[in-house]
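# Descriptive structure summary
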Amino acid sequence: MSNLIFQKSWNMAEGEATPESVYMNRRDFIKGTSLVSLAATASLYGCGIGPTPNPNAPIEWSTNEKKIYPVKRNKKYVLDRNISEEAIASSFNNFFEFSEFKNDPKLHAQSLSTRPWEVKITGLVNKPRSFDIDDFYRLLPIEERLYRLRCVEAWAMAVPWTGFSLKSLLDIVEPQPKATHIAMTTFYKPFTAQGQLAFWRPWPYTETLTIEEAKNELTFMALGMYGHPLRKQHGSPIRMVVPWKYGYKSIKSIVKIELLSHQPPTFWNSVIPLEYSIEANVDPKVNHPRWLQATEKMIGTGEVHKTKLYNGYEKQVAHLYV
Ligand SMILES: Nc1nc2c(c(=O)[nH]1)N[C@H]1C(S)=C(S)[C@@H](COP(=O)(O)O)O[C@H]1N2
Ligand SMILES: [Mo]
């Protein structure tokens, strides 16, 4: 990573570089820092917290991945702006399991082991089962899609994702008619992902969609990005991408998908409900208490665009909200 790129990604207005959450009371802060420094000390003394991560770690390709790339692009999904530079997208990340600062996950996430990796699908389905991550390459139609991703912090990127529609996976497990919501869960490994030592937060990270949202053609499960398997900072080996909702809905490094007959609690909504709604549809008219939503800034170029309702995906999703 050249210094130039590194600096560029940090040349953003202060508000944009503020971590997703700055709310923590003083007592929590003191408890938290002592626990985190305990972990830091433990790692200094080599207490099994893992090897020093290498930010330039090469992407590890499994046999199935080598077989499938390059993946054909689905021409249906077009962008109204240039694709963001990969070096920028992969060094400016929200991944609170590893850090609250956007330039750290590219370093710390490298210590996450992503093989073997199981994704368990449970709850109100006729055929509950566990998938090995490499099963997805064999069982599902894999394609590339260009999508815009819009963070609630008013920055955006435009990227090529490789993966499959969530609907194609749900069709295999057969949701029961009673299922109204899906709940998705990220791994819980506090000694690898030291952000999870922040015990005042409701780890593991969770997100939800209604079953109709989950089955929408746009809801995508990404295994890769920029023509290769996901880098760890982007949520390797599998993450969701919901392009008409704020980025926090696009949960990374998923280990469980559960079909439910109620709306489950979610990570950010439990932390600060007034700032992070469960629905989280991109809407230029609804301001976040800390970020005006009328415009958005592209990472890397700093280009400013007007925010579009449903992030410009109105045609595909507006019918879900009438
Ligand atoms: N497990 C997990 N998933 C997560 C997050 C996180 O902290 N943990 N951050 C979210 C937020 S706020 C955004 S904007 C996107 C960022 O994705 P990117 O780093 O690939 O750009 O991931 C989302 N998914
Ligand atoms: Mo975000």
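Report on the accompanying structure. Small disclaimer: the values here were computed from a predicted structure and weren't measured.

## What to know about the site of ligand 1
Contacts to ligand 1 come from 18 residues, most closely from Phe96, Glu97, His234, Arg239 and Lys252. Residue glutamate 97 places a side-chain N or O atom 2.8 Å away from a nitrogen atom belonging to ligand 1. A distance of 2.9 Å is found between a nitrogen atom of ligand 1 and a backbone nitrogen or oxygen belonging to serine 250. Its free accessible area being 540 Å², ligand 1 has 100% of it covered by the protein chains.

## With respect to the environment of proline 289
Summarising the element assignment, proline 289 is placed in the loop between α10 (267–271) and β11 (295–298). Separated by 15 residues in the primary sequence, proline 289 and leucine 274 have C-alpha atoms spaced 8.3 Å apart. Among all residues touching proline 289, those that are not within four sequence positions of it are Leu274 and Glu275.

## Some points on the side chain of asparagine 269
One can find asparagine 269 in helix α10. Excluding residues within four positions of it along the chain, asparagine 269 makes contact with Tyr276, Ser277 and Ile278.

## Section: the sheet that holds strand β10 (residues 254–260)
Within a beta sheet, neighbouring strands are joined by backbone hydrogen bonds and run either parallel or antiparallel to one another. Sheet architecture is open: five strands sit in the order β2-β1-β10-β5-β6, paired in mixed fashion. This sheet does not close on itself; its edge strands, each paired only once, are β2 (129–132) and β6 (206–210). Across the sheet, the axes of successive neighbouring strands diverge by a mean angle of 15°, strand direction being ignored. Sheet contacts for helix α8 (residues 166–173): β1 (118–123), β2, β5 (181–186) and β10; angle to β2, the most-contacted strand, approximately 135°.

## Quick notes on α8
Each turn of an α-helix holds 3.6 residues, which means side chains three or four residues apart point in the same direction. By the burial criterion, the buried members of α8 are Leu166, Ser168, Leu169, Leu170 and Val173. The first or second residue beyond α8 is glutamate 174, which carries a positive phi of 60°.

Reading guide: rules and limits
- Residues numbered from 1 in each chain as written.
- Chains lettered and ligands numbered in written order.
- Predicted model: local features only at pLDDT ≥ 70, side-chain atom pairs only at ≥ 80, totals over all residues.
- Heavy atoms only, no water.
- Near = heavy atom within 4 Å.
- Polar contact = N/O pair within 3.5 Å; in protein donor to acceptor, adjacent residues only side chain to side chain.
- Areas by Shrake-Rupley, 256 points an atom, 1.4 Å probe, with all protein chains shown as cover.
- Helix = DSSP H or I, 4+ residues; strand = E, 2+ residues; numbered from the N terminus.
- Contact = heavy atoms within 4.5 Å.
- Pairing = 2+ DSSP bridges.
- Axes fitted to C-alpha atoms, helices over the stretch in contact; angles between N-to-C directions.
- Buried < 20%, exposed > 50% of the residue type's maximum accessible area, 1.4 Å probe, protein only.

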